[in-house]
Amino acid sequence: TAAEEKRAQGINLMAGEVQILLPLMDMIVSEAEKAADDFAQRGEAQVEKIVLSGGMARLPGLQEYFQKSMRKKTEIIDPFRSLLYPPILESTLKERGPSFAVAVGMALRGTE
């Protein structure tokens, strides 16, 4: 299916001779750059790193693409990093963790 192809090929997914996800990635990078610039112009601080989360955060090539495009350190969120869990879940949580970032954040809200 198309979803399986996207997960397998990542941002390099091709349709004929065209990488079909790159225009979308460029649009997202552009919006992220605008947000970072607005943040800096308000005198808040400079954005030092980009943190990717969500179900497609582990899309092959995405982290590298953001890092190269925005010239900022880029990492994939690990919402379970400060939680205890059975070691048998390690690989599953590493793979699926970014999808649970909001849920984990809401569950932990007010506990710190």
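Here the structure is a predicted model, which is why all the values come from computation and not from measurement.

Asker: In this structure, what is going on with the overall build of the protein? I would like to understand it.
Answerer: Tallying secondary structure elements over the protein gives 5 helices and 4 strands in all. The N-to-C order of helical and strand elements in the protein reads α-β-β-α-β-α-β-α-α. With the C-alpha coordinates of the protein rotated into their principal frame, the extents come out at 50 × 45 × 20 Å. By the burial criterion, 21% of the 112 residues in the protein qualify as buried. Separation of charge centres in the protein, based on 14 positive and 16 negative side chains, amounts to 3 Å.

Asker: Please clarify how the side chain of Thr74 should be interpreted in this entry.
Answerer: Counting through the fold element by element, Thr74 comes out in strand β4 (residues 73-76). Given a relative accessible area of 3%, Thr74 falls into the buried group. The residues contacting Thr74, other than those within four sequence positions of it, are Ile50, Leu52, Gln63, Phe66 and Gln67.

Asker: I tried to follow a nonpolar patch on the surface on my own but got confused; where do I start?
Answerer: A contiguous nonpolar surface patch, about 270 Å² in accessible area, is contributed by Leu24, Met27 and Ile28. With respect to the helices, strands and loops of the structure, Met27 is situated in helix α2 (residues 22-41).

Asker: What am I meant to see in the pairing of strand β3 (residues 49-52) here?
Answerer: On any regular strand, side chains alternate: one points to one face of the sheet, the next to the other face. Side-chain alternation along β3 places Ile50 and Leu52 on a buried face and Lys49 and Val51 on a face that remains uncovered. Sheet topology places β3 next to β4; 4 bridges connect them, and they run parallel. By the bridge assignment, Ile50 is partnered in β4 with Thr74. The handedness of the β3 to β4 crossover, carried by helix α3 (residues 62-70), is right-handed.

Asker: Help me understand the pattern of salt bridges in this model?
Answerer: Side-chain pairing between opposite charges can occur once the charged atoms of the two side chains come close. Summed over the entire model, instances satisfying the criterion amount to 3 salt bridges. We note a salt bridge from Lys49 to Glu75, for which the minimum N-O separation is 3.4 Å. Of the two residues, Lys49 is situated in strand β3 and Glu75 in strand β4; the sequence distance between them amounts to 26 residues. Here Lys49 falls in the partly exposed class, since its relative accessible area comes to 40%.

Asker: Mind showing me how you'd approach the packing of aromatic side chains here?
Answerer: The geometry of an aromatic ring pair comes down to the distance between the two centres and the angle between the two planes. Here the structure, examined in full by the defined rule, presents 1 aromatic pair. Ring centres of Phe80 and Phe100 lie 6.4 Å apart, and the angle between their planes is 65 degrees; on these two criteria the pair is classed as edge-to-face. Residue Phe80 is located in the loop between β4 and α4 (90-96), and its partner Phe100 is located in the loop between α4 and α5 (101-108); the two are separated by 20 residues in the primary sequence. Assessed through its relative accessible area of 13%, Phe80 is described here as buried. Overall, Phe100 belongs to the partly exposed group, its relative accessible area being 40%.

Asker: Quick question: what am I supposed to make of unusual backbone geometry here?
Answerer: The bulk of non-glycine residues show a negative phi, and the bulk of peptide bonds are trans. For Arg71, which is not glycine, the phi dihedral falls at a positive 55 degrees. Looking at the element boundaries, Arg71 is found in the loop between α3 and β4.

Asker: How should I be thinking about the packing of α2 against α3 in this particular structure?
Answerer: Between α2 and α3, whose axes approach to 11 Å, the crossing angle comes to 50 degrees. Judged on the interaxial angle alone, α3 and α2 are oblique. Where α2 crosses over α3, the two elements pack in a sense that is right-handed. Here Leu22, Met25, Asp26, Ile28, Val29, Ala32 and Glu33 of α2 come into contact with α3, specifically with Leu62, Tyr65, Phe66, Ser69 and Met70. Of the residues assigned to the contact of α2 with α3, the class counts are 9 nonpolar, 1 polar and 2 charged.

The rules behind these values
Residue numbers run consecutively from 1 along every chain, following the written order of its sequence. Thresholds applied to this predicted model are a pLDDT of at least 70 for local features of residues and 80 or more for the giving and counting of side-chain atom pairs; totals over whole chains, interfaces and linings are not thresholded and use all residues. Computation of side-chain values covers all heavy atoms of the structure but excludes hydrogens and water. Starting at the N terminus, helices and strands are each numbered in turn, a helix being any DSSP run of H or I of at least four residues and a strand any DSSP run of E of at least two. Burial classes: relative accessible area under 20% of the type maximum marks a residue as buried, over 50% as exposed, and values in between as partly exposed (1.4 Å probe, protein chains only). For the purpose of counting charges, residues Lys and Arg are taken to be positive, whereas Asp and Glu are taken to be negative. His and the chain ends are not included. To locate a charge, take atom NZ for lysine, CZ for arginine, CG for aspartate or CD for glutamate. Only heavy atoms matter for contacts: two residues are in contact if any of them lie within 4.5 Å across the pair. Only residues whose relative accessible area exceeds 30% and that form no salt bridge are eligible for patches; like-charged ones are grouped when within 9 Å, while nonpolar side chains (Val, Leu, Ile, Met, Phe, Trp, Tyr) are grouped when within 5 Å. All accessible areas in this document rest on Shrake-Rupley with a 1.4 Å probe, and a residue is counted as covered only by the protein chains that are shown. Basic side-chain nitrogens of Lys or Arg form a salt bridge, by our definition, when they fall within 4 Å of a carboxyl oxygen of Asp or Glu. We treat two strands as partners when DSSP finds at least two bridges between them. By definition, the crossover connecting two strands over a helix is right-handed if that path, from the first strand to the second, turns clockwise as seen with the strands pointing away from the viewer. Side-chain rings of Phe, Tyr and Trp, where Trp is taken by its six-membered ring, are said to pair if the distance between their centres is within 6.5 Å; with planes under 30 degrees apart they count as stacked, over 60 as edge-to-face, and otherwise as tilted. The angle between two axes is taken between their N-to-C directions and runs from 0 to 180 degrees, where each axis is a line fitted to C-alpha atoms and a helix contributes only its stretch in contact. Roughly parallel covers angles under 35 degrees, roughly antiparallel covers those over 145, roughly perpendicular covers 65 to 115, and oblique covers all other angles. Left-handed describes a crossing whose near helix is turned anticlockwise from the far helix by less than a right angle; the clockwise case is right-handed. Residues are grouped as follows: Ala, Val, Leu, Ile, Met, Phe, Trp, Tyr, Cys and Pro are nonpolar; Asp, Glu, Lys and Arg are charged; every other residue, Gly included, is polar.

None of this, on its own, says anything about what the molecule does.
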